[in-house]
Amino acid sequence: MLTRRDFIQLSSGGLLTLPHFNREWETDIAIIGGGTGGCAAALAALRMNKRVILTEETDWIGGQFTQQGVPPDEHQWIESQGATDSYLKFRNQIRDYYRRFYPLTNRNAELLNPGTCGVSRLCHEPRVALSVLNDWMAPYLSSGQLKIFLNVRPTSAEVNGDRIRSVQISSMQGVIRAKYFIDATEDGLLLELSQTEYISGAEPDTGELHASTRPGPDNMQAPTWCFAMDYDPGADHTIDRPESYDYWRDYVPPIDPPWPGKLFSLTYTHPYTLEPTTASFDPRLGAETENFNLWVYRRLIDPGLFTSETYRGGISLVNWPQNDYINGNLFGNAESEFHRQAARDLSLSFFYWLQTEVPREDGEQGWPGLRLRGDLLGTADGLAKAPYLRESRRIHSEFIVTEHHIGEEARAGNPRAEQFNDSVGVGSYRIDLHPSTGGDNYIDVPSLPFEIPLGSLIPIRMDNLLPAAKNIGVTHITGGCYRLHPVEWNIGESAGILAAWCIAKSVSPRSVRANHLQDFQDDLVAQGIQLRWPESIY
């Protein structure tokens, strides 16, 4: 019998999960974490006819695209290559969703970008990505091949030698048993619960050219609690003054090299040069500003693309330098819950500052017509369901990618990144590390279009655990470019194929790399995984 809570969950856009208590479930592959990589892993394993259980700690699957509200960060070739076929199809179906259901002025725009934003060729609303993912999962849910458990988190793992036997999940008081487990959590939690060897934070002694001078497990990239807002001209939507507002309004980030002043300012550190740079902020339609307008940076909806009666103002997503949180980590220590709340308070305080105090080019202060759009993020308070974590626990893997393999400067003029004979995918993005919880300012340097080695997906000891997100074998430095949307999707998809392949062939991931590599790579290519960058991009 469906309860009122079940109907609320359905109406919020989540997939329905009926409550079960004190139960055990058996499956071929258990994917713990329903983010970007977890969804890609599940879809890959499902199309290879494996039974899958996917768990998610919020009530939305999709990770960066949905529950974290982060428009895709991608490279310049993304419209034609540099991602898996399924990722490119996913992007196209997001565009098709807008063409089918939204009142566009030009439905024939081939490369539709609903937000015409500054960061991506495809800025879109989180709910649209969720709808596409839910549609893709629907037939597998209907057949029973897939189960999705929402609002659950792993609490413990039963391990026998070098294999995980089961994972216990919260809320449902249940146990999942599987042949393979895939850690697709945002923080690499299953690595810790299963006592799998892992690394966190900035490692010492990597020899990398831009390695942090402040090594330590607690020195991680800043997380961000994103929020969406629109602009309602002539209205006053000013929220109550947050209790911590005075603290954040006067806060100066304690980092080195120094931040140019208060965090709540339109002047901030340029990620590349570390020199002060100044932006503008004006949410009005057709506004022309002296400097780069932060309103369009991660804008989700450009009203000019839709019929005139649709939007009074645009919709923008705030994932900016001013709401990066560096006072502590949101997982892995006794104060993490405090820091999670503080990160939320920072974002709400920043929004209030935009409403009341941000300098305007007309000499006024604040834009009271700004309005939080939690309805677009599935929340009541206006913030995303989950924080955007740029860094995770990372497996101690058979092979670890360092800056020497992919860094433009570190490779001393070599036009190509290291070519890995065991490549399972490709990616491209700058080595982009935000200011850290350990006191570093930006570490943002060029990288070369890179490959994803299979060895970075294989733990040094555990036999039936694979990573599917930011938790692969990379360093603190290289994690700065292996964390973006198309790369995480590729990692997850390759991990899902690998687990299914190992079950079908009765071999281990280690054996695939050592003895069956060519056959496995042939299968990856047949399923739309690009393993190499063509010469034409160099």
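All figures in this text were calculated on a predicted structure; none of them were measured in a lab.

When its secondary structure is counted, the chain shows 12 helices and 19 strands. For the chain, the C-alpha radius of gyration of 22 Å lies close to 24 Å, the compact-globule estimate for 538 residues. For the chain, the spread of C-alpha atoms along the three principal axes comes to 70 × 60 × 50 Å. A burial count over the chain gives 61% of its 538 residues as buried. Counting only contacts in the chain whose residues sit at least 6 apart along the sequence, the fraction spanning at least 24 positions is 73%. Accessible area for the chain stands at about 20200 Å²; split by element, carbon and sulfur atoms hold 47% of it. Looking at charge distribution, the chain has the averaged site of its 47 positive side-chain charges lying 6 Å from that of its 68 negative ones.

This structure, assessed with the given rule, holds one disulfide. With a sulfur-sulfur separation of 2.2 Å, Cys-117 is cross-linked through a disulfide to Cys-123. Every disulfide takes its handedness from the sign of the S-S torsion; for Cys-117 and Cys-123 that torsion is 85°, giving right-handed. Its relative accessible area of 12% is what places Cys-117 among the buried residues. In this structure Cys-123 comes out as buried when scored by relative accessible area, which is 0%. No disulfide involves Cys-226; its nearest neighbouring cysteine sulfur is the one of Cys-123, lying 12 Å away. For Cys-226, a relative accessible area of 1% puts it in the buried group.

Two faces make up the sheet, and in a regular strand the side chains alternate between them. Counting buried positions along strand β1 (residues 24–32) gives seven out of nine residues, so the element sits mostly inside the fold. Bridge count for β1 against strand β6 (residues 174–183) is eight bridges, and the pairing is parallel. Its bridge partner lying in β6, Ile-32 is registered against Asp-183. The pairing of β1 with strand β2 (residues 52–55) spans four bridges and is parallel. Looking across to β2, one finds that Ala-30 is bridged to Ile-53. Remark: the β1/helix α2 (residues 36–47)/β2 crossover connection has right-handed handedness.

Bringing the packing of α2 against helix α4 (residues 126–143) into the picture now. For the pair α2 and α4, interaxial distance at closest approach is 11 Å and the crossing angle is 35°. Crossing geometry of α2 relative to α4 is assigned as left-handed. Residue-level inspection shows Cys-39, Ala-42, Leu-43, Leu-46 and Arg-47 of α2 in contact with α4, the latter providing Leu-133, Trp-136, Met-137 and Tyr-140. A per-class count over the contact of α2 with α4 returns eight nonpolar, no polar and one charged.

With that out of the way, let us pick up the sheet that holds strand β11 (residues 299–301). Taken in spatial order, the four strands make up an open sheet running β11-β12-β8-β13, and their pairing is antiparallel. Of all strands in the sheet, those bounded by a partner on one side alone are β11 and β13 (370–372). On average, each strand axis in the sheet is inclined to that of its neighbour by 35°, with strand direction left out of account. As paired strands, strand β8 (residues 227–231) and β13 are joined by three bridges and run antiparallel to one another. Within β13, the position partnered with Tyr-231 by the bridge is Leu-370.

A word on the nonpolar core. Grouped together as the largest cluster of nonpolar side chains are 135 residues, with contacts concentrated most on Ile-29, Met-229, Phe-281 and Tyr-482. If you tally residues by element for this core, the top one is helix α10 (residues 485–505), at 11 residues. Sequence-distant contacts of Ile-29, that is, excluding residues within four places in its chain, are made with Ala-45, Lys-50, Arg-51, Val-52, Ile-53, Ala-178, Tyr-180, Ile-182, Gly-496, Ala-499, Ala-500 and Ile-503. Judged by nonpolar contacts, the second largest core, of 18 residues, contains Ile-164, Ile-176, Ala-178 and Met-462.

It is worth spelling out the packing of helix α3 (residues 85–101) against α4 at this point. Where α3 contacts α4, the two axes come as close as 9 Å, and the packing angle between them is 120°. Considering only the axes of α3 and α4, their crossing is right-handed. Residues Ser-86, Lys-89, Phe-90, Gln-93, Ile-94, Tyr-97 and Tyr-98 of α3 lie in contact with α4, whose contacting residues are Val-128, Ala-129, Ser-131, Val-132, Leu-133 and Trp-136. In terms of residue class, the contact of α3 with α4 is made up of nine nonpolar, three polar and one charged.

Overall, the prediction assigns the chain a mean pLDDT of 94, with 96% of residues at 70 or greater. For the stretch residues 1–16, pLDDT sits under 50, and the model shows 33 contacts to residues farther than four places along the chain or on other chains.

This brings us to the environment of Glu-488. Considering the arrangement of structural elements, one finds Glu-488 in helix α10. According to the relative accessible area criterion, Glu-488 is buried, its value standing at 1%. Taking the C-alpha atoms as reference points, Glu-488 and Gly-37, separated by 451 residues in sequence, lie 5.2 Å from one another. Beyond its immediate stretch of four places on either side in the chain, Glu-488 contacts Thr-36, Gly-37, Gln-64, Ala-468, Ala-469, Lys-470, Tyr-482 and Arg-483. At 3.1 Å, the side chain of Glu-488 forms a polar contact with the backbone nitrogen of Gly-37.

How each quantity is defined
Residues take numbers from 1 onward in each chain, read along the sequence in its written order. Only residues with pLDDT of at least 70 get local features here, since the model is predicted, and only at 80 or more are side-chain atom pairs given and counted; chain-wide, interface and lining totals rely on the full set of residues. The side-chain numbers reported here are obtained from all heavy atoms of the structure, hydrogens and water having been left aside. For helices the rule is a DSSP run of H or I covering at least 4 residues; for strands it is a run of E covering at least 2, with both sets numbered from the N terminus onward. Note on method: radius of gyration uses C-alpha positions; expected globular size equals 2.2 Å times residues raised to 0.38. When accessible area is computed with a 1.4 Å probe and restricted to protein chains, residues below 20% of their type maximum are described as buried, those above 50% as exposed, and intermediate ones as partly exposed. Note on definitions: a residue-residue contact is assigned when non-hydrogen atoms from the two residues lie within 4.5 Å. In short, Shrake-Rupley with a 1.4 Å probe defines the accessible areas, and a residue's cover is counted only from the protein chains shown. The charge count includes Lys and Arg as positive and Asp and Glu as negative, but it does not include His or the ends of the chains. A charge is said to be at NZ when it belongs to Lys, at CZ for Arg, at CG for Asp and at CD for Glu. We call a pair of cysteine sulfur atoms a disulfide whenever their separation is within 2.5 Å. Pairing between strands is defined by DSSP: at least two bridges between the two strands are required. When the strands point away from the viewer and the connection leading from the first strand across the helix to the second strand turns clockwise, the crossover is called right-handed. Between N-to-C directions, angles span 0 to 180 degrees; the directions come from axes that are lines fitted to C-alpha atoms, helices contributing only their stretch in contact. For a crossing to be left-handed, the near helix must be turned anticlockwise from the far one by less than a right angle; the clockwise case is right-handed. Think of it as three bins: nonpolar holds Ala, Val, Leu, Ile, Met, Phe, Trp, Tyr, Cys and Pro, charged holds Asp, Glu, Lys and Arg, and polar takes everything else, Gly as well. Buried Ala, Val, Leu, Ile, Met, Phe, Trp, Tyr and Cys residues form a nonpolar core when they are joined through side-chain atoms within 4.5 Å. A residue's pLDDT is the predictor's confidence in that residue, given on a scale from 0 to 100. We define a polar contact as two N or O atoms separated by no more than 3.5 Å, with the added condition that, inside protein, one atom must be a possible hydrogen donor and the other a possible acceptor, whereas residues neighbouring each other in sequence contribute only through side-chain atom pairs.

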